[in-house]
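# Structure assessment
Each chain, written out:
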Amino acid sequence: MGVAVQLDPSVDRFVKAPVRKMLIDGKWVEAASGKTFATVNPADGSELARVAEGDAADVDRAARAARRAFDEGPWPRMRPVEREKILLTLADLIEKHGRELAQLETLDNGKSLIETTNVDIPQAAGTFRYYAGWVNKIAGETNPSDPAYFNFTLREPVGVCGQIIAWNFPLLLASWKLGPALACGNTVVLKPAEQTPLTALRLGELLLEAGVPPGVVNVVPGYGETAGAAIVRHPLIDKIAFTGSTEVGKAIHRESADTLKRVSLELGGKSPNIVFADADIEEAVKGALIGVFFNQGEVCCAGTRLFVQDKLHDQFASTLAKAASGMKQGPGLEPGVQVGPLVSEEQLARVTGYLEVGKKEGAKPLTGGERNTSPGLEKGYFVKPTVFTGVRNDMRIAQEEIFGPVVSVLPFKDENDAVFQGNSTFYGLAAGVWTKDVSKAHRIARAIRAGTVWVNCYNVFDAASPFGGYKQSGYGRELGRHALDLYTEVKSVWLKI
Ligand code: NAI
Ligand code: MG
C-alpha cells in the first residue's frame, strides 16, 4: 500500500466533533430525539464521524423554518443582484475550501481523491456559479391578449423544496439541487444520504458564511424511511426533488399524491454504450472504461451494457478486460488510485450478489468477478473491476442496475439490432455511440430513447446541459435552463385597461 495524503487540519476538526449537528433555521442543533448515527470510511469500515440522526420531528422543525423563510424572509424578495452575489460567494468558498471538501468526500464516499479534486468539487462550485448567472434572467412574458387587457406572466418560486439525494456524488448532487432552487428564490429542506452526510453539512456552514439567510437551507441528515419519508409527506413542503433508486422514486411518486407536491425524479439506468466496428477503437476502449468504472461504477448513467459489433466483439472485450485489470484499486486517499471502495457494506453485498447471479446465468468474467481482499484492502468494500462476456440482454445482470464496477459486453449485428437491443430496457437515462460515420451517429442519437446521448465520448457533463431520464429513469430535467422549470410556477396576471 502507498502512503495516503496528509489530511487537511480542517477535515480533522470536522470529523472529530462528538456530534456533527444538523442545520435548522440557521442554527446547528442536535436531533430532537438526541439520536446519532455513524458514517463510516468505506476504505476500511471504520467509524468516520457521528452525525445527528434527523427524523420526522426534525423534518417538521426544518419545514417550518423553511416555510417561514419563504413566506416572511428576505430570500424570495431580495433584489436579484443580491441573491446572485451570495451564490457567487458560495461558489468561491467551495473553491477556497476545495482541498478540505475533496478529502472529506473521499473519506465519506470512498471515491478517489483524483475524482473529488478534479470533478466533484470544481463542478459543484461551477453549478452554483452557473445558476448565480440565471438569477436576474428568470423572466416572464407579455402576452398578445385582447387589447382591453394587459396580460403578463410572472415566474415565481415554487416555495419550500424537499430535496433528497443519493450518496454517489454527495456534494455535486447537493449543488444540482440547491443551485437552481436558490436561484429561483425557493427555500429548502435538504436530506443527504445516510451513507454520506458530511459534505452537505460542511456546505451548510459555507451557505451561512456566504450570507444565505437562516431557514433558507436546512440540512437534515437521517435515514430514508424516517427523515426522507417525512419530507415526502410534510404538508408545508411544496416540491420534492429526488435522486436515488427507481424503487424509492416510485414510492415517492405514489406518496406525493396526497399533497400533490411537484415532483422531479432522477433515478437509475442501464445505459447502452454502442461500439461500431468503424469506431476509433483505442478511443472507444478508453471511453468504455470511463463509461463504466468512473466512480466505481456507482453512476446512474454508467455505460453498463456495452454493445460491440460482432466482428469486433472478442478482441474489444479482451482489450477492455486487460485495461480494467490494470486500473489501480485502493483507498481513495492513496495517490494514483483510480478505483476506490464501494460506498457501504450493503452496496458491497449487492454488487457481489450480482456477480454471483451473473455467473449462475452463464456469463463469464474475463477479469474481476469478485471482491478485492488484497493485503490492506480486507476491511474495505472493494470489488475488482469486472468485465463479463457471454451475456444476453435478457439476463438479470443486463437488465437490473448493479451500481458497481461491472460491465456486460454484448454483441450486436447491425444498426437496427443495436437500437433494438439498446432500447430493450425499462430505463432511459443515457447512451453512448462510437463510430466515425457522422450520419449513423445522428441516426442512433435520435433512435435511442434516453435523456442523454454521448457520441464518441462518455460521462461528459456541464452545468449548462440538461440531464434526466426517459421511461423509468425518472422525469424532469436537472441542470441547464430546464431546471428552472422545476423550481418556478408560472402566474398569469390580467389587468383591465
Ligand atoms: P435509495 O434510493 O434508497 O436512497 C437514495 C436517497 O433516498 C437517500 O437519501 C435515502 O435516504 C432516501 N430514501 C430511501 N428511502 C426513502 C423513502 N422511503 N422516502 C424518502 N426517501 C428515501 O438508494 P440506496 O438504497 O442507497 O441504493 C440502492 C440502489 O439504488 C443502488 O444500488 C442503485 O442501483 C440505486 N441508486 C441510484 C442512484 C442514482 O443516481 N440514480 C443513486 C443511489 C442509488
Ligand atoms: Mg435504499
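## Examining the state of the cysteines
For the coordinates displayed, the defined rule picks out 0 disulfides. The thiol sulfur of Cys161 is not disulfide-bonded, and the nearest other cysteine sulfur, from Cys184, lies at 8.7 Å. No disulfide involves Cys300; its sulfur sits 4.7 Å from that of Cys301, the nearest cysteine. A relative accessible area of 11% means that Cys300 is categorised as buried.

## Regarding the sheet that holds strand S12 (residues 272-275)
In spatial order, the strands read S14-S15-S16-S13-S12-S18-S19; together these 7 strands make up an open sheet with mixed pairing. A single partner strand is all that each edge strand has here, and the edge strands are strand S14 (364-367) and strand S19 (452-455). Averaged over all neighbouring strand pairs, the angle between strand axes comes to 25°, with direction disregarded. With 3 bridges connecting them, S14 and strand S15 (residues 386-389) associate as antiparallel partners. Paired with Lys364 across the bridge in S15 is Thr389. Its contacts with the sheet place helix H12 (residues 345-361) against S14, S15 and strand S16 (406-412), and it is angled at close to 25° to S15.

## As for the pattern of salt bridges
Evaluation of the coordinates by the stated rule reveals 29 salt bridges. The salt bridge involving Lys16 is made with Asp12; its shortest N-O contact spans 3.1 Å. Here Asp12 and Lys16 lie together in helix H1 (residues 9-16), a separation of 4 residues that amounts to about one turn. Take Lys16: its relative accessible area is 59%, and that puts it in the exposed class. You can call Asp12 partly exposed: its relative accessible area is 32%. With a closest N to O distance of 2.6 Å, Asp58 and Arg61 form a salt bridge. Placement of both Asp58 and Arg61 in helix H2 (residues 56-71) is noted, with a separation of 3 residues, approximately one turn of the helix. What makes Asp58 buried here is its relative accessible area of 0%. Residue Arg61 is classed as partly exposed on the basis of its relative accessible area of 32%. One salt-bridge network, held together by shared partners, links Arg13, Arg20, Glu100, Arg202 and Glu205.

## Focus: helix H5 (residues 113-134)
Between its first and last C-alpha atoms H5 spans 31 Å; for 22 residues at 1.5 Å apiece the expected length is 32 Å, and the two agree. In the structure, H5 departs most strongly from a straight axis at Gln123, where the bend amounts to approximately 25°.

## Section: the environment of Asp120
Within the fold, Asp120 resides in helix H5. With a relative accessible area of 0%, Asp120 lands in the buried category. Sequence separation between Asp120 and His97 is 23 residues, and the spatial gap between their C-alpha atoms is 13 Å. Among all residues touching Asp120, those that are not within four sequence positions of it are Lys111, Glu115, Phe169 and Leu172.

## Some words on the pairing of strand S10 (residues 239-243)
Burial analysis of S10 places 5 of its 5 residues in the buried class, which makes it a mostly covered element. Side-chain alternation along S10 places Lys239, Ala241 and Thr243 on one buried face and Ile240 and Phe242 on a second face that is also buried. With 4 bridges joining them, strand S7 (residues 160-164) and S10 adopt parallel strand pairing. Counted as the bridge partner of Ile164 is Phe242 from S10. Sheet topology note: the S10/strand S11 (residues 262-266) ladder contains 5 bridges and is parallel. Each bridged residue has a counterpart across the sheet, and for Ala241 the counterpart in S11 is Ser264. You can see the chain leave S10, run along helix H9 (residues 246-255) and come back into S11, and the turn it takes is right-handed.

## As for a nonpolar patch on the surface
On the surface, a nonpolar cluster with roughly 310 Å² of combined accessible area is contributed by Phe150, Leu495 and Ile497. Within the secondary structure layout, Leu495 lies in strand S22 (residues 488-496). Exposure remark for Leu495: the relative accessible area of 42% places this residue in the partly exposed category.

## A look at the site of ligand 1
Near ligand 1 there are 26 residues, and of these Ile165, Trp167, Glu194, Ser245 and Arg350 occur at the shortest range. Between Glu194 and ligand 1, the recorded distance is 2.6 Å, taken from a side-chain N or O atom to an oxygen atom. Taking Gln347, its side chain carries an N or O atom lying 2.9 Å from an oxygen atom of ligand 1. Surface burial for ligand 1 is 90%, taken as the share of its 810 Å² of free accessible area covered by protein chains. The set of elements that each furnish at least two residues to the shell around ligand 1 consists of helix H8 (224-233), S10 and H12.

## Considerations on the sheet that holds strand S6 (residues 149-157)
In spatial order, the strands read S5-S6-S22; together these 3 strands make up an open sheet with antiparallel pairing. Looking at which strands have only one partner, the edges of the open sheet turn out to be strand S5 (142-143) and S22. Pairing between S6 and S22: 9 bridges, direction antiparallel. The residue of S22 that forms the bridge with Asn151 is Trp494.

## Observations concerning the environment of Thr452
By secondary structure assignment, the location of Thr452 is in strand S19. The exposure class assigned to Thr452 is buried, which follows from its relative accessible area of 13%. Note: C-alpha distance between Thr452 and Ala430 (22 residues apart in sequence) is 4.5 Å. Non-local contacts of Thr452, meaning those with residues more than four positions away in its chain, are made with Leu429, Ala430, Ala431, Pro466 and Phe467.

## Considering the packing of aromatic side chains
Enumeration according to the criterion identifies 12 aromatic pairs in this entry. Residues Phe37 and Tyr223 carry aromatic rings whose centres are separated by 5.3 Å and whose planes lie at 50° to one another, so their mutual orientation is tilted. Residue Phe37 is found in strand S3 (residues 36-41), and its partner Tyr223 is found in the loop between strand S9 (217-219) and H8; the two are separated by 186 residues along the sequence. For Phe37, a relative accessible area of 3% translates into the label buried. Residue class for Tyr223 comes out partly exposed when judged on its relative accessible area of 32%. Between the aromatic rings of Phe276 and Phe412, the centroid separation amounts to 5.1 Å while the plane-to-plane angle is 80°, which identifies the pairing as edge-to-face. Here Phe276, found in the loop between S12 and helix H10 (281-293), pairs with Phe412, found in strand S16; they are 136 residues apart in sequence, far enough to count as distant. Grouping residues by exposure puts Phe276 and Phe412 together as buried. The rings of Trp176, Trp454, Tyr458, Phe461 and Phe467 are connected pair by pair, giving a single aromatic cluster. The residue whose ring lies beneath Arg83 is Trp75, and the NZ or CZ to ring-centre distance is 5.9 Å.

Definitions and limits used
Residues numbered from 1 in each chain as written. Chains lettered and ligands numbered in written order. Predicted model: local features only at pLDDT ≥ 70, side-chain atom pairs only at ≥ 80, totals over all residues. Heavy atoms only, no water. Disulfide = S-S within 2.5 Å. Buried < 20%, exposed > 50% of the residue type's maximum accessible area, 1.4 Å probe, protein only. Pairing = 2+ DSSP bridges. Helix = DSSP H or I, 4+ residues; strand = E, 2+ residues; numbered from the N terminus. Axes fitted to C-alpha atoms, helices over the stretch in contact; angles between N-to-C directions. Contact = heavy atoms within 4.5 Å. Salt bridge = Lys/Arg side-chain N within 4 Å of Asp/Glu carboxyl O. Expected span 1.5 Å × (residues − 1). Bend = angle between axes of the 7 residues up to and from the residue. Right-handed = clockwise from strand over helix to strand, strands pointing away. Patch = residues over 30% accessible without salt bridge, like charges linked within 9 Å, V, L, I, M, F, W, Y side chains within 5 Å. Areas by Shrake-Rupley, 256 points an atom, 1.4 Å probe, with all protein chains shown as cover. Near = heavy atom within 4 Å. Polar contact = N/O pair within 3.5 Å; in protein donor to acceptor, adjacent residues only side chain to side chain. Phe/Tyr/Trp six-rings, centres within 6.5 Å; stacked < 30°, edge-to-face > 60°. Lys NZ or Arg CZ within 6 Å of the ring centre and 35° of its normal.

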